[in-house]
Amino acid sequence: MTLTNDAKAAVALTTRLGSRQRPSLTPKMWHELSQTLDDAGYGPDAVFDQSVDLANVTGVGPDLVERIGRLRTDAAAALLEVDELRHRGIWTTTVFDDGYPQLIRERLGHNAPPVIFGAGNVGLLTQAGIGIVGSRNVSAEGGEVAKSLAREAVALNVPVVSGGARGVDDLAMNAAFGSDGSVVGVLADSLIGRIRKPDVLQALDDGNVCLLTQQAPSSGFTAGAAMSRNKIIYGLAAVTVVVASDRDSGGTWAGANEAIMATYGPVAVWRGEGEGPGNQALEDMGAARLEEPSDLADLLETPSPSEQMSLEL
Amino acid sequence: MVSFQDRATELLKDLTGRRNADWRDGQLEAIRTIIEDRANALVVQRTGWGKSAVYLISTRLMRDAGGGPTVIVSPLVALMRNQLAMTHPLSLNAEIVYAANRDEWDRIFEAIQAGDIDLLLISPERLNNQQFRREVMPQLFSNIGLLVIDEVHCISDWGHDFRPDYRRLQQVVASLPPGVPVLGTTATANDRVVADVEEQLGSDLQVYRGTLERESLALQVLDIENKAERMAWLAETIPTLSGSGIVYCLTIHDAERVAEWLRSQGVDAAAYTGPMDNEARLEIEGRLTNGDLDVVVATSALAMGYDNPKIEFVIHFQTPGSAIAYYQQVGRAGRAVDTSFGVALSGWEDTDIQDWFISTAFPNEDDCALVLDRLRDSQDGLRLADIEALVNLRRSRLDSMLKILEVEGAVYKEGSRWRRSAERWAYPTRRIEEVTAARRAEQAAMREYVSTDACLMEFLRRQLDDPGAERCGRCANCAGELFSADVDSTLVELALRHLRKSSLVIEPRKRLPTGIEFDLALKDHQMEPGRCLTRWGDPGLAQLVATGRDVDGRFDDELTAATARLVEEWAPTPAPTWLTWIPSRSAGEVIEDFAVRLADRLGLEAVSALERVRDSRPQKTMQNSFQQAQNVIGSFVVIDRRPGPILLIDDVVDSRWTLTVVAAQLLSAGSSPVYPLALADTSGPGS
């Protein structure tokens, strides 16, 4: 895996690698910048070219030009950290690379993270999985639902896509492992810390897990990171089932709302024992209703974008 | 305005100090590639061609144009010092960062930050150093102007000089900000290595490759199987040669022994080996350069780093396992002299020693799997000492295994702890087989060199894929014998005697490996330095030890006589008053019988003082300190003793743990001091 110059530009401008304190560009800012560069006949790597007058070429304001200038100066540190991460077995993929998950590129558009870090079996990203999300403090019944859904996913021979947090995420992932299934874990914090754990290393060794994050792999949890993480889960799943959500508050609620509004991916909501106070409202907003874990297969009948793609191929 | 070419030529004149200096074919073009095209270049040219002119002049041009500094990665400190000295004529502000000048790092790092450094020399190990990576590289790489990888063939594991730390360079190159040119230089790369370098540094590499001919070097091969005869030949021939030269040996022990022998014959000779400290090596290099030494007897440790154009002869006491390695070493001769000689003496032991190097080049699959599993299962990673307790591998082999697993991406280090990486990893069986097969082919080619009737220089140049290879007209095969293989029989006899008496010192082990339990403190119960008669696998007495132990079941009287002589010459004080032996597991009475006869000769009392109470495994099969110490503790008890100084006898010594531990028990029982004595040292190659 060698980064192209465009990929290096994405790493330099949109990540917090290299112990950066300063804000980098958001995915949206990045995509807009590369669009304007493209319109002017330049590639994204033009940001490294001192002879290109960014203000003139792209029309972006002086603040942003200055910010890009500072990020460019730090590029070496960020790129060295990519090497550091690779050393630990963590890969870096950018929107310019073939290895970047196609579903994310298609569904998230300008909100797709320009750079994704990960570890483990990238093959698991080429098929849409079953997203299972819900609150950390799930009820016992809700936990059972999460586990049943995970086992359904295994029976359907697709990976469980989840957040790698406590509660619903953990229960669903462990249930999938317990039935020899595979898991895509989208993390909101420290990928570096996660790959130190013996059970995670074992799963990585067995090849049935892929861990992803758009955060710098050494950074800790933030609410913003959790929201970005949710986008990726919805983006990677043929359908994402919300097991239990609060109403008008919490990450699960906000993530599901955003996914429905922005159509990141099909959303279903559990209706039955163990559901949360927000589940009804999500259904009202357009999420599909799921009453039996075994009905999960029915939700998959509409071809997912990746299936459409493979049909076209 | 001064043209690019005029300015570069002006710098070349400054650099060489000659107003009439002119470009070598390819030099200016390589500089153009770097400066004007900002593209990557690979320069494959013989030593002395002027590879340094390419990057020194490029650096000056770049700095004058406001560009960032050059970073040179170089494998040896000696090489870096030479390179540093060459920067003065161009007024380049250059610094070296290496392990030994740690106290200067802060000053250098500040100078880098301030932009005052034009050229920084570092070893590849720096690039793997966590502190350097964190504190220096981000700043350094943020405006680096040029990255130079010297001896770039070390990057290829097809090559004879592969260094795991170089492998990391591929990733460092990949991490460079766009637009930074990379220059690789080497004197020894065949097509396969060039292809490998291209693959690792990027395909847009512009290759500048020149002739490997050395017009003043005459080659010859002499087949003198016997070691003592070869030693005699050296003692007879070297005094007849003008100027100074290098004798290459394959093992450290041979280098030391041959140097000693030559000194005993009135030749100004010094040994030069890897384990010697840096200062000692520099001193020897200096003496050789100044002509204070006739000859340096070296292992391959004196290879890329030493730059002395006045070397007039290079003689191989044993031949290396590849023609490329041979060319690299013999090419030390004949650079700035009119005539020089390269003589390969081919001995019976060459193939065995080469085989040993080939077969131990890679860690074994089971060991790798075991270490990876344990690292995976550990909560907090493992320290080196923890891993040593898990695997039966000697420390140096374990170090090299971890380094290989690290560059392979299977493990990484956090502080002092090793951890399993997230990368799935399978033992690269196929690749190892391929590389091993390639090494076997190189070995076969070297054997062919030893026996060929064809032009020797042409043969070597073909091995290096030099397209201009042609008959040299100077070598023994072209122009007739340069040296006779005849040797003086009196000298052979002397050499044989020298081989017999060059005994080895047994140093006490001082510290138990972490985690080993032993109720005696070694520092309070330490044996004296002892003696060992021979090195296992050597001709002469060592062969008598082997047949005595494994065939005859009795050590020959010649061994008792030689051992008695050794003790007399050694004369430890206070003199031993009695002796005992380590009861052998398998060899039964052989050692006891020997000890009793030796006691008789030395006039000492022989006492059966030790009993084996546990049937431990042979120490020879225990590969590291932890396993060896573990294996011996609790295996013997002291059943009898005398109070006085004691000679403690064993047939072979390997790790020294048996002698160290048993001596501690005897000392604790009240016999003091304890002098260890063994017949053969089985550590290292040849055993």
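Conventions we followed
- Residues numbered from 1 in each chain as written.
- Chains lettered and ligands numbered in written order.
- Predicted model: local features only at pLDDT ≥ 70, side-chain atom pairs only at ≥ 80, totals over all residues.
- Helix = DSSP H or I, 4+ residues; strand = E, 2+ residues; numbered from the N terminus.
- Rg over C-alpha atoms; globule rule 2.2 N^0.38 Å.
- Buried ≥ 20, exposed ≤ 12 C-beta atoms within 10 Å, placed from the backbone.
- Contact = placed C-beta atoms within 7 Å.
- Nonpolar A, V, L, I, M, F, W, Y, C, P; charged D, E, K, R; others polar.
- Axes fitted to C-alpha atoms, helices over the stretch in contact; angles between N-to-C directions.
- Parallel < 35°, antiparallel > 145°, perpendicular 65-115°, else oblique.
- Left-handed = near helix turned anticlockwise from the far one by under 90°.
- Domains from an automatic or database assignment.
- Pairing = 2+ DSSP bridges.

## A word on the overall build of chain B
Looking only at helices and strands, chain B has 26 helices and 23 strands in total. Taking 26 Å as the expected radius of gyration for a compact globule of 687 residues, we find that chain B reaches 28 Å, a close match to that expectation. The buried share among the 687 residues of chain B stands at 49%. If you take every contact in chain B between residues at least 6 apart in sequence, the share linking residues at least 24 apart comes to 77%.

## Observations concerning the interface of chain A and chain B
Residue-level contacts link 31 residues of chain A with 23 residues of chain B. Listed by contribution, the elements that provide at least two residues to the side of chain A that touches chain B are helix 1 (5–14), helix 5 (75–87), strand 2 (115–120) and helix 10 (198–206) of chain A. The element best represented in the side of chain A that touches chain B is helix 5 of chain A, accounting for ten residues. Classifying every residue of the side of chain A that touches chain B by side-chain character gives 14 nonpolar, nine polar and eight charged.

## A word on unusual backbone geometry
Only a minority of non-glycine residues have a phi that is not negative, and only a minority of peptide bonds are not trans. Cis geometry is found at the peptide bond from B:Thr573 to B:Pro574, where omega equals -5°. Summarising the element assignment, B:Pro574 is placed in the loop between helix 23 (557–570) and strand 18 (578–581). Between B:Ser672 and B:Pro673 the backbone carries a cis peptide bond, its omega angle lying at -10°. Relative to the assigned elements, B:Pro673 resides in the loop between helix 26 (657–668) and strand 23 (674–681). The residue A:Thr263 is not glycine, and still its phi comes out positive at about 45°. Tracing the backbone shows A:Thr263 in the loop between helix 12 (250–262) and strand 8 (267–270). Given 12 C-beta atoms within 10 Å, A:Thr263 falls into the exposed group. At B:Asp465, a residue that is not glycine, the phi angle is positive and equals roughly 55°. On the neighbour-count criterion, B:Asp465 (17 C-beta atoms within 10 Å) is partly exposed.

## Some remarks on the packing of helix 1 (residues 4–16) of chain B against helix 3 (residues 51–64) of chain B
All names here are of chain B. Where helix 1 contacts helix 3, the two axes come as close as 10 Å, and the packing angle between them is 120°. Relative to helix 3, the element helix 1 is oriented oblique. Of the two elements, helix 1 crosses helix 3, and the hand of that crossing is right-handed. For the pair helix 1 and helix 3, the contacting residues are Arg7, Ala8, Leu11, Leu12 and Leu15 in the first and Ala53, Leu56, Ile57, Arg60 and Leu61 in the second. Residue composition of the contact of helix 1 with helix 3, by class: eight nonpolar, no polar and two charged.

## Brief notes about the domain arrangement of chain A
Examined at the domain level, chain A breaks down into domain 1 (5–87) and domain 2 (119–312). Placing the centre of domain 1 of chain A and that of domain 2 of chain A at their C-alpha centroids yields a distance of 31 Å.

## Quick notes on the sheet that holds strand 4 (residues 160–162) of chain A
All names here are of chain A. Taken together, nine strands build an open sheet; the order of strands is 1-2-6-5-4-3-7-8-9 and the sheet is mixed. Looking at strand neighbours, the two that pair on one side only are strand 1 (91–94) and strand 9 (288–290), the edges of this open sheet. Going from strand to strand, the sheet's axes swing by 25° on average, the running direction of each strand aside. Inspection of the sheet shows strand 3 (residues 129–133) paired to strand 7 (residues 237–242) by five bridges, in the parallel sense. Residue pairing in the sheet places Ile132 in a bridge with Val241 of strand 7. Contacting strand 3, strand 4, strand 7 and strand 8, helix 7 (residues 140–155) crosses the sheet at an angle of about 175° to strand 3.

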